[in-house]
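# Chain and residue survey
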Amino acid sequence: MAPHPHGYCFPRLADRVNPSVPPRFSPVSNHAVRVKLHQIFQIVGFLLGMIGMLVIYSVKENAGKPHISSWHALFGLLSMILSLIQLFGGLPLIYSWIRAVLPVNKSLAELKRKHAQMGLVTIICALTTIGLAFYSNWFIKKQFHRIYQNVAFGAVTTIIGVIFAQVYHGRLALQQ
C-alpha cells in the first residue's frame, strides 16, 4: 500500500512546544504561546491524519480490498478516535467558559493531568501504528529486510520512552 497518514504523527512529534513538556526541553518558554502552538499542531496533525485515512480508504475501495483488516489499521483507527477525544478534551483546559457551561466537577489541575495521561495513551497508540506498519503486508511484499523492521520498531519504542519521560516530569510528577 502506498504511504499514507504519515502527516498525522509529524506535527505531534514536532510538538516540542507541548505545555506538558518542561520549558528546558522546549524552544518556546512562554506558556500561553506553547499552549496555542500545541493546539495548532494537534489540529493540523488530526486533519492530516483524516486526509490520509480518506486517501487510504479510497485506494482500498478502488482495489476491492477489505478495510481495517490488520493490527496496523486497527491501531491507526484507534489513534484517530483518541486524537479526536483529546482535541475536544483539551478545550476546557484552554477556555474557562466551557468549564462554566459543562458540568465539570474536577479541578483544572486534575483535568490537565487527565489530558496529559490520555495524551500519552494517544501517542503510544500512534507510534505503535507506525511500528506495526513495518510489519505490514506492504513491507513484507517489498522484502524489507528484517533488521530494518527491528531498528524501526526500536526507534519507535525509544521515542515512546522519551515522550513519556518528558510528559511525566513536566506534568504528571508535578501533580502527585
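Residues numbered from 1 in each chain as written. Predicted model: local features only at pLDDT ≥ 70, side-chain atom pairs only at ≥ 80, totals over all residues. Heavy atoms only, no water.

## Details of the overall build of the protein
The number of helices and strands found in the protein is seven helices and zero strands. Helices and strands in the protein line up, N terminus first, as α-α-α-α-α-α-α. Looking at the protein residue by residue over its 176 residues, the buried ones come to 35%. In the protein, the proportion of contacts linking residues at least 24 apart, taken out of those at least 6 apart, comes to 70%. Carbon and sulfur atoms form 70% of the exposed surface of the protein, whose accessible area is close to 10500 Å². (Helix = DSSP H or I, 4+ residues; strand = E, 2+ residues; numbered from the N terminus. Buried < 20%, exposed > 50% of the residue type's maximum accessible area, 1.4 Å probe, protein only. Contact = heavy atoms within 4.5 Å. Areas by Shrake-Rupley, 256 points an atom, 1.4 Å probe, with all protein chains shown as cover.)

## A word on helix α3 (residues 71–94)
Given a rise of 1.5 Å per residue, 24 residues ought to cover 34 Å, and the 34 Å separating the end C-alpha atoms of α3 matches this to within 8%. Those residues of α3 lying buried are His72, Ala73, Gly76, Ser79, Met80, Leu82, Ser83, Gln86, Gly90, Pro92 and Leu93. (Expected span 1.5 Å × (residues − 1).)

## Concerning unusual backbone geometry
Even without being a glycine, isoleucine 68 presents a positive backbone phi close to 50°. For isoleucine 68, the position within the fold is in the loop between α2 (31–63) and α3. Taking relative accessible area as the criterion, isoleucine 68 reaches 38% and is therefore assigned partly exposed.

## Details of a nonpolar patch on the surface
Judged by side-chain polarity, Ile40, Val44, Leu48, Ile51, Val55 and Val59 come together as a nonpolar surface patch covering roughly 450 Å² of accessible area. Residue leucine 48 is classed as partly exposed on the basis of its relative accessible area of 36%. (Patch = residues over 30% accessible without salt bridge, like charges linked within 9 Å, V, L, I, M, F, W, Y side chains within 5 Å. Salt bridge = Lys/Arg side-chain N within 4 Å of Asp/Glu carboxyl O.)

## Side note on the packing of aromatic side chains
Using the criterion set out here, one finds one aromatic pair in the structure. Taken together, a centroid distance of 6.4 Å and an interplanar angle of 45° make the contact between tryptophan 71 and phenylalanine 75 tilted. One end of the pair is tryptophan 71 and the other is phenylalanine 75, both in helix α3 and four residues apart, which spans about a single turn. (Phe/Tyr/Trp six-rings, centres within 6.5 Å; stacked < 30°, edge-to-face > 60°.)

## Structural notes on the packing of α3 against helix α5 (residues 108–133)
Across the interface, α3 lies against α5 with an axial gap of 8 Å and an inter-helix angle of 160°. Between α3 and α5, the angle falls in the class roughly antiparallel. Considering the relative orientation of α3 and α5, their crossing is left-handed. Its residues assigned to classes, the contact of α3 with α5 shows 13 nonpolar, 12 polar and one charged. (Axes fitted to C-alpha atoms, helices over the stretch in contact; angles between N-to-C directions. Parallel < 35°, antiparallel > 145°, perpendicular 65-115°, else oblique. Left-handed = near helix turned anticlockwise from the far one by under 90°. Nonpolar A, V, L, I, M, F, W, Y, C, P; charged D, E, K, R; others polar.)

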